Amino acid sequence: MTHIWVRAESRENEERVGVLPEGVAALIALGVKVTVEKSATRVINTADYEAPGATIAPEGSWVDAPEDAIIFGLKEIPDDGTALRHRHIMFGHAYKGQPAGQRLLARFKAGGGVLYDLEYLENTDGRRVAAFGYWAGYAGAAVSVLAYAAQQAGIPCPSVKTWPSSKAMRNDVKTALAGATPNAMVIGALGRVGTGASDLCEEVGLTVTKWDMAETAHGGPFPEVLDHTLFFNCILARPGTPVFVPEDACNGPRRLRVIGDIACDPDSDFSPIKVYDQVTSWESPVTRACDTPSLDVMAIDNLPSLMPRESSEDFAAQLLPHLKTLTEIDQGVWGRAKTYFDTHIQKVTT
């Protein structure tokens, strides 16, 4: 029997979940065993999972789960160096040269486990089957505009916390702008992330220049980026990704004041934003990259968590049809994800 173990998220400021109670009911109806860990922070109450028949387990008990359980979470597990013997479904951030990702792969190699990275669940034409992208773009644009408003007021960007809805987030951004209308550029505008960023900007009254593959095909340089007040990078860092903001951007004239690096891969070898090198946080949403004039970078790596209910509902609906195929984990999207893992685990030396 296929056994899915939904673990509690251990990361701070993480309330999302990848499957809803109705999804659990659908899986159980297919003969899948579902265990759900208790969580004090999950946006969905644990009792709502117990009602359709999930087994409830203590928070963090996945480490002692049966060998055949498939451990399902979203964000990273504690970076404690222990060997990983289970099959895990999560965002591993391990295939682009990230130091933490290399440590994670070493743990899988030591324990004999397998990573099915949610970022690499793809259909036959290479498109991702489930993503938080739209809400990442929406929230990333919102926080970046809030950072711009704070910068113009001469105050530090305030910390952020969860919003109950996208409407509440949008209203807060409008209030902070106080009628200001900086222009914005979105690269990756046709994708989920870029669509979310563009929607937020337009909903609060900003003019948006929308670029995608056609506009960036020449490979750069891209002086147009520096001519906009706000710039949103919505392109995942991959081999061949061009540089949109070069390392020397601080040295010349520019209108650019805030970068929302929504794709957020600053420690990747392929990052297209070269003026910063570390993620930001809910407590400190931006890092100052340049002075005179100021240039701030927003690079929060769990942006959809700022709207945990809407983003969880959206992602869970996308993913559920594929969770239903876990009974045939060697095929389809899971088989393709395993191929990515097999390729990268061979490069790990322990």
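Residues numbered from 1 in each chain as written. Predicted model: local features only at pLDDT ≥ 70, side-chain atom pairs only at ≥ 80, totals over all residues. Heavy atoms only, no water.

### Quick word on the environment of G205
With respect to the secondary-structure elements, G205 resides in the loop between α6 (192-203) and β8 (208-211). For the pair formed by G205 and T175, sequence separation is 30 residues and the distance between their alpha carbons is 12 Å. (Helix = DSSP H or I, 4+ residues; strand = E, 2+ residues; numbered from the N terminus.)

### Description of the packing of aromatic side chains
One pass over the full model with this rule turns up 13 aromatic pairs. Judged by centre distance (4.6 Å) and plane angle (55 degrees), the ring pair of Y120 and Y340 falls under tilted. Remark: Y340 occurs in helix α10 (residues 332-345) and Y120 occurs in the loop between β6 (114-117) and α4 (133-153); sequence separation between them is 220 residues. Judged by its relative accessible area of 26%, Y340 is partly exposed. Each ring, one from W211 and one from F222, has its centre 6.2 Å from the other, and the planes form 65 degrees; the classification is edge-to-face. Here the residue W211 occupies a position in strand β8, and F222 occupies one in the loop between α7 (213-216) and α8 (223-226), the gap between them amounting to eleven residues. Across the pair, exposure class does not vary: W211 and F222 are buried alike. By the ring-pair criterion, three or more aromatic residues cluster together here, those being W211, F222, F231 and F244. R16 extends its terminal NZ or CZ atom over the ring of F132, reaching a point 4.3 Å from the ring centre. (Phe/Tyr/Trp six-rings, centres within 6.5 Å; stacked < 30°, edge-to-face > 60°. Buried < 20%, exposed > 50% of the residue type's maximum accessible area, 1.4 Å probe, protein only. Lys NZ or Arg CZ within 6 Å of the ring centre and 35° of its normal.)

### Quick notes on the state of the cysteines
Think of a disulfide as a covalent bridge from one cysteine sulfur atom to another cysteine sulfur atom. In this structure the tally under the stated criterion is one disulfide. Here C250 engages in a disulfide with C290; their sulfurs sit 1.7 Å apart. On the sign convention where negative is left-handed, the bridge of C250 and C290, at about -65 degrees about the S-S bond, is left-handed. Of this pair, C250 sits in the loop between β9 (230-233) and β10 (258-261) while C290 sits in strand β11 (residues 286-290), and the two are 40 residues apart along the sequence. According to the relative accessible area criterion, C250 is partly exposed, its value standing at 25%. C201 forms no disulfide, and the closest cysteine sulfur to it belongs to C234, at a distance of 9.1 Å. (Disulfide = S-S within 2.5 Å.)

### What to know about the pattern of salt bridges
Tallied over the full model, the rule gives 14 salt bridges. The closest approach of N and O atoms between E14 and R16, which form a salt bridge, is 2.9 Å. Overall, E14 belongs to the buried group, its relative accessible area being 2%. Ionic pairing is found between D79 and R103, a salt bridge with its closest N-O pair at 2.7 Å. Pair noted here: D79 is in the loop between β4 (70-72) and β5 (87-90) and R103 is in helix α3 (residues 99-111), with a separation of 24 residues, a long-range link. D79 gets classed as partly exposed once you look at its relative accessible area, which sits at 47%. Taken together, the shared-partner salt bridges in this structure form one network comprising R11, E76 and D301. (Salt bridge = Lys/Arg side-chain N within 4 Å of Asp/Glu carboxyl O.)

### Things to note about the packing of α3 against α10
Between α3 and α10, the shortest axis-to-axis distance is 10 Å and the interhelical angle comes to 95 degrees. Classed by the angle they form, the pair α3 and α10 counts as roughly perpendicular. Between α3 and α10, the contacting residues are L105, F108 and K109 on the first element and F341, H344 and I345 on the second. For the contact of α3 with α10, the per-class residue count stands at four nonpolar, one polar and one charged. (Axes fitted to C-alpha atoms, helices over the stretch in contact; angles between N-to-C directions. Parallel < 35°, antiparallel > 145°, perpendicular 65-115°, else oblique. Contact = heavy atoms within 4.5 Å. Nonpolar A, V, L, I, M, F, W, Y, C, P; charged D, E, K, R; others polar.)

### Some remarks on the sheet that holds strand β2 (residues 33-37)
In space, the six strands of this open sheet follow the order β3-β2-β1-β4-β5-β6, with parallel pairing throughout. If you trace the sheet from one side to the other, it starts and ends with β3 (55-57) and β6, each paired once. Sheet twist, expressed as the average angle between the axes of neighbouring strands with direction ignored, equals 25 degrees. As judged from the three bridges shared by strand β1 (residues 3-6) and β4, these two strands associate in the parallel manner. Bridge pairing links I4 to I70 in β4. In the packing of α10 onto the sheet, the strands contacted are β5 and β6, and the crossing angle to β6 comes to about 120 degrees. (Pairing = 2+ DSSP bridges.)

Spatial relationships are all this shows, so hold off on functional conclusions.
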